[in-house]
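Spelled out from the first residue to the last, the chains are:
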Amino acid sequence: MPNRPKGSLPAPLRTPLILLPTPCHRLNRASEELGIDLWIKRDDLTGFAFGGNKGRKLEYLMTEVLASGAKVVVTSGSADSNFVRQLGAACAVRGLVCHAAVMENPYPEGKPLFHAGHKAPKGNVALGRILDVQYHLIPDGDWSVLEAASSNLAAELSNLGQVYEVPLGGSSVAGAYSFYLAGQELSSQLGDVDFVVTASSSGSTQTGLAMYFQGSQTRVVGISADPEPEIVDDLSDLSGQLAELVDRPPLRPDQFNFHLSYVGPGYGVPSDAGNLAIEWLSRREGIFLDPIYSGKAFSGLLDLVGRREVSGRIVFWHTGGLPALFSSGFAGTA
Ligand SMILES: *Cc1c(COP(=O)(O)O)cnc(C)c1O
């Protein structure tokens, strides 16, 4: 059982959705080959809607949704969003209607390598459709365009009744809090470790973990799936909000170990290094990663281990995302 936080605000309540704790186990062949002590935290195995890190966040976000009394939930994301899929499942469990404003490619400078459009849904879109998520496809733009579309959609739907708007990627204090508890969960499974390496994007995963492990010997390394350097300021802001809940000091941007160099061509676009990392791990451990987040994060881990910037006992946090493997078109190099 998690300790209750000692901060000035009451502890958020959990709405159970996923199977906790997720497994944590050693990667023996990979460890031997890399000369490290490598473990993996299996948030791909939450037992909920194809798994992934959004399940943890949703356990606390749904508490807020349910408390509001709203029957309609609105969010936004890329068309192939893992969050929209898992939110759709959480809404199904509670008999709520889920709407999502989505765009195919929120990184228009990048070259989209796959199309998650309405004609031939694949990956997360196919699963979201099965769950009856109401997708509203808007033209490509940046994240702020997407967030504006979400607000507009919420305003339109509010004519029909009360609407709850969930932030992009489920990144809110509630989401970050769930990963603060996840840090505690890992500690109780494995004790002290040297590094935790995770994919990072909208920030609550890395922020929650970094807040939990601050002041310990464990360093949390975030590998960004998004090329924007300002993200680290968002992580810091989020840590400020979480600080009030858990009674630990907030983290400044420079206190986050945050890497932008493994994004490749852009957000939502698979990278060659990421695809090779997916292949590398699957061929040694029989474990799949995804092309948008965890594959790129594992490519970062391999590189940082090669540079000896990361060593000793390392935990790779598998954040899930597997349905995107089926929309990326990657089918191995040889
Ligand atoms: C959303 C997501 C992430 C990033 O988590 P954030 O908390 O948004 O930073 C990483 N991996 C996968 C598979 C995801 O779906």
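Parameters and conventions
- Residues numbered from 1 in each chain as written.
- Predicted model: local features only at pLDDT ≥ 70, side-chain atom pairs only at ≥ 80, totals over all residues.
- Heavy atoms only, no water.
- Helix = DSSP H or I, 4+ residues; strand = E, 2+ residues; numbered from the N terminus.
- Buried < 20%, exposed > 50% of the residue type's maximum accessible area, 1.4 Å probe, protein only.
- Contact = heavy atoms within 4.5 Å.
- Pairing = 2+ DSSP bridges.
- Axes fitted to C-alpha atoms, helices over the stretch in contact; angles between N-to-C directions.
- Phe/Tyr/Trp six-rings, centres within 6.5 Å; stacked < 30°, edge-to-face > 60°.
- Lys NZ or Arg CZ within 6 Å of the ring centre and 35° of its normal.
- Parallel < 35°, antiparallel > 145°, perpendicular 65-115°, else oblique.
- Left-handed = near helix turned anticlockwise from the far one by under 90°.
- Nonpolar A, V, L, I, M, F, W, Y, C, P; charged D, E, K, R; others polar.
- Near = heavy atom within 4 Å.
- Polar contact = N/O pair within 3.5 Å; in protein donor to acceptor, adjacent residues only side chain to side chain.
- Areas by Shrake-Rupley, 256 points an atom, 1.4 Å probe, with all protein chains shown as cover.
- Expected span 1.5 Å × (residues − 1).

This brings us to the overall build of the chain. Tallying secondary structure elements over the chain gives 11 helices and 10 strands in all. Summarising its shape, the C-alpha atoms of the chain cover approximately 60 × 50 × 35 Å along the three principal directions. Looking at the chain as a whole, 57% of its 334 residues qualify as buried. The long-range share in the chain, meaning contacts at least 24 apart out of those at least 6 apart in sequence, stands at 78%.

On the basis of which strands lie adjacent, the open sheet formed by 4 strands has the order β5-β4-β3-β6 and parallel pairing. At either margin of the open sheet sits one strand with a lone partner, and together these are β5 (134–137) and β6 (163–165). Each strand axis lies, on average, 25° off the axis of its neighbour in the sheet, ignoring direction. This element, helix α3 (residues 82–94), spans β3 (72–78), β4 (97–103) and β5 of the sheet and lies at about 165° to β3.

Let us now look at the packing of aromatic side chains. For the coordinates displayed, the defined rule picks out 8 aromatic pairs. Summarising the aromatic geometry, the rings of Y212 and F213 are spaced 5.0 Å apart at their centres and angled 85° between planes, so their arrangement reads as edge-to-face. By the burial criterion, Y212 is buried, and F213 matches it. Linked through ring pairs, W143, Y267 and Y293 together constitute an aromatic cluster. Stacked on the ring of Y293, the Lys or Arg K54 has its end atom at 5.5 Å from the ring centre.

Let us now look at the packing of helix α2 (residues 54–68) against α3. Viewed as axis vectors pointing N to C, α2 and α3 meet at an angle of 50°, and their least axial separation amounts to 10 Å. The angle between α2 and α3 falls in the class oblique. In this structure, the crossing between α2 and α3 has a hand that is right-handed. Between α2, through K54, G55, L58, L61, M62 and L66, and α3, the contact on the second element is made entirely by N82, F83, Q86, L87, A90, C91 and R94. In terms of residue class, the contact of α2 with α3 is built from 8 nonpolar, 3 polar and 2 charged.

With that settled, the discussion passes to the site of the ligand. In the vicinity of the ligand lie 16 residues, with K54, K57, S201, S202 and T319 positioned nearest. N82 is positioned such that a nitrogen or oxygen atom in its side chain is 2.9 Å from an oxygen atom of the ligand. For the ligand, whose unbound accessible area comes to 380 Å², protein coverage reaches 98%. Residues belonging to the shell around the ligand are distributed by class as follows: 2 nonpolar, 11 polar and 3 charged.

The next subject is the sheet that holds strand β10 (residues 313–318). If you walk across this open sheet you meet the 6 strands as β1-β2-β10-β7-β8-β9, and the pairing is mixed. Bordering the open sheet on either side are β1 (24–26) and β9 (257–259), each of which pairs with just one other strand. Neighbour-to-neighbour, the strand axes of the sheet open up by a mean angle of 25°, direction not taken into account. Of the pairings in the sheet, the one linking strand β7 (residues 195–200) to β10 comprises 4 bridges and is parallel in character. Its bridge partner lying in β10, V197 is registered against F316.

On to helix α8 (residues 231–246), then. Between its terminal C-alpha atoms α8 stretches 22 Å, which fits the 22 Å expected from 16 residues at 1.5 Å a residue. Residues of α8 that are buried make contact with α6 (173–190), α7 (204–213), β8 (219–224) and β9. Backbone geometry just downstream of α8 places D247 in the positive-phi region, at approximately 55°.

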